[in-house]
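Overview (structure and organization)
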Amino acid sequence: MEKNKSNQKAQGSLEYLIIVAAVIAIVAVVIVVVSGAFTGARTSARVMELKRDASSCATLLMAEGIEPGSTRAIQSELCEEICSGPRWQTAEDIARVSMHAPTTVTTIKQACMAGKSDWIIEGSGEFRAIGECIKITEPGTYLLQKDLEGTKNGEEYCIGIFSDNVSIRGNGYELKGPGRVGGEWITAYGVYASNTENVEIQGLVIDNYWKGIRLTRSNNGHIRNNEVSNGYQGIELISSCENNLVEENEVKSNSRGITLLSSSHYNTVSKNEVLNSVSTGIWIGGVSMHNLLSENKVKNTTHWGVRITSAVGNMVEENQIINSGASGVTLVDTVDDSWGRNWNRGSHLVDQNIIDNSGGSGIKITVSGNMITNNIITNSGEEGIEIDYYDPYYTNPFNSMKNTIINNIVTNSSTDSFIARYDHEDTMEIFKNEIENLTLKKLENQVTTSFNATGIKINPSDPITSLDDKLGIGKYLEITPTLLGANMSLRIHYDEEDIEEIEEGTLTIWTKNGDWQEIGGSGVNTGEKYVYSGHYDWNEVLTLIFAPLGNPLDE
């Protein structure tokens, strides 16, 4: 009987313990759920507080005639009191809040000072603190707590990322690199990511590293709102990096600003400022395909502004490329004969760019099949647009055929507005390019032309006064062959005001070499308003003036 009672007591105690454990587990789950809900609510509430502060700042700025979001707003001290306080300073609050702001804004406080509530967005609220150079092997949000210097012991990087789904938040802190010794760079990376997916790098100041940010074999990453300076390469994507977004970074005083190399495809480089690069502002090479460069400002580059070499099907759209020492945009093939000259490199789109004050050509092309459209090219030290058969920096000639050039404006080139050149002894096939609506400007003269051409250079000519019994429409071109056998079919476009005193149907294109002579086969298309030359061949290297002439209207 006693033994039976003892067994019942033990069984009762076990049941009691099981019940207690279950209750504790339930309570733990409830605590976790409530805690998570509380954390999420707290995060959202804090973001709303900061947004309200930024909106209050916007009201104050507008009352003083200052546009929210402007540089003047960010630099103003009007909102110092509104945008200050404990909630702007703690790491926990920084992790709860994120930003989507221009590259000039590196802290949440600056977003508030700018009066831009839409720049402030919700973050995860969870983070891991970084207080020293680190190797990251687990996903998560990592937040810098201080400036860091040099590299992690035994490694070539300060921050190394070897995990998917990692976010690095710099919070404006600096990574300071070891620089050079005896003029040679020490191999060191500010941030290095290898074989990753979904890596985010933002808000860092990176200075004096051989390569500031390097991604290798990494996809779907996001590099934004960093300042990278004084290195050999600022930001590099290499070895099959795909679908990464590089935006709103300030990349300055590097030898090469931003580079995409070694089969890096489908990346977007947008809204960056690339300043004072020694070699190249933005470079795409190594058979990298289908990348987009858009809305970047590339300024004060010692050599090339944007340079694309041995690559296929990249797009250069709506960029400002200013003060390049060599060409503003260069499309070139750099492989030797062992690769085969007819391999399909080229086929790039260069559209709606402003290219100003290039030391060499505004746009230089030595590959085939490109579309050059809607660009404004001004103040080039050499040609405005140059289609060449080879790049003098390399020993082998390359094809540059079948390029299409539409709706471009070329102004104030120091040598030629447009040139299709052939001056290499190799006898490979030469240019078969189509040019539509190329507007050339010289002083007060403006000529819009269309033509198919092989081996010519073209400029607007000064007005010609001696026209015998013919009247001109005020548009004159000076065209010179760059090789014997050069040829073209020319169209010169006109408006109604150009022909007010001319019988429109009598317009043809004439050339002047001493006396004016009509080109056989020329005529006028009165519906589309252009005068055409027919086919014209050069049998000697001779500069000619071309002009549409017609009979005066009967009085």
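Residues numbered from 1 in each chain as written. Predicted model: local features only at pLDDT ≥ 70, side-chain atom pairs only at ≥ 80, totals over all residues. Heavy atoms only, no water.

Concerning the overall build of the protein chain
The test is simple: In this text, helices come from DSSP runs of H or I with a minimum length of four residues, and strands from runs of E with a minimum of two, each type numbered from the N-terminal end. When a residue's accessible area, from a 1.4 Å probe over protein chains only, is under 20% of the maximum for its type it is buried; when over 50% it is exposed; and in between it is partly exposed. Note on areas: Shrake-Rupley with a 1.4 Å probe; residue coverage comes only from the protein chains shown.
Scanning the protein chain from N- to C-terminus turns up 4 helices and 50 strands. Scored against the burial criterion, the 555 residues of the protein chain give a buried share of 52%. Approximately 24600 Å² of the protein chain is accessible, and the part contributed by carbon and sulfur atoms is 48%.

What about the nonpolar core?
What counts is decided by this rule: Within this scheme, the nonpolar core is defined by two criteria: the residues are buried Ala, Val, Leu, Ile, Met, Phe, Trp, Tyr or Cys, and they are joined through side-chain atoms within 4.5 Å. By the convention used here, residues are in contact when the closest approach between their heavy atoms is within 4.5 Å.
Counting 86 residues, the largest nonpolar core has I159, I168, L175, F418 and F546 as its most contacted members. Residues within four places of I159 in sequence aside, it is in contact with I130, I134, I136, L144, I168, L175, G190, V191 and Y192. Membership of the second largest hydrophobic core comes to 17 residues, among which are L61, I74, I108 and A111.

Some words on the pairing of strand β7 (residues 157–161)
Let me state the cut-off plainly: Whether two strands pair comes down to DSSP finding at least two bridges between them.
For β7, a buried count of 5 out of 5 residues is recorded, marking the element as mostly surrounded by other parts of the structure. Where β7 lies against strand β12 (residues 189–194), 4 bridges are found, and the strand directions are parallel. Residue pairing across strands places I161 opposite A193, the latter belonging to β12.

As for unusual backbone geometry
The phi angle at N300 is positive, at roughly 60 degrees, despite the residue not being glycine. Within the secondary structure, N300 sits in strand β26 (residues 297–301). In this structure, K529 is a non-glycine residue whose phi angle is positive, near 60 degrees. With respect to the helices, strands and loops of the structure, K529 is situated in the loop between β48 (523–525) and β49 (530–537).

Digging into the state of the cysteines
The test is simple: We call a pair of cysteine sulfur atoms a disulfide whenever their separation is within 2.5 Å.
Counted according to the given criterion, the structure contains 3 disulfides. The disulfide bridge from C57 ends at C79, spanning 2.0 Å between sulfur atoms. Looking along the S-S bond of the C57-C79 disulfide, the torsion reads about 90 degrees, which is the right-handed sense. Taken together, the residues C57 in helix α1 (residues 2–63) and C79 in the loop between α2 (71–75) and α3 (91–96) connect sequence positions 22 residues apart. On the accessibility criterion, C57 (0% relative accessible area) is buried.

Overview of the confidence of the model for the protein chain
Condition: Every residue gets a pLDDT, meaning the predictor's confidence in that residue, from 0 to 100.
Taken over all residues, the pLDDT of the protein chain has a mean of 85, while the share at 70 or more is 81%. Contacts from residues 20–40, a stretch scored under 50 in pLDDT, to residues over four places away or in other chains number 0 contacts.

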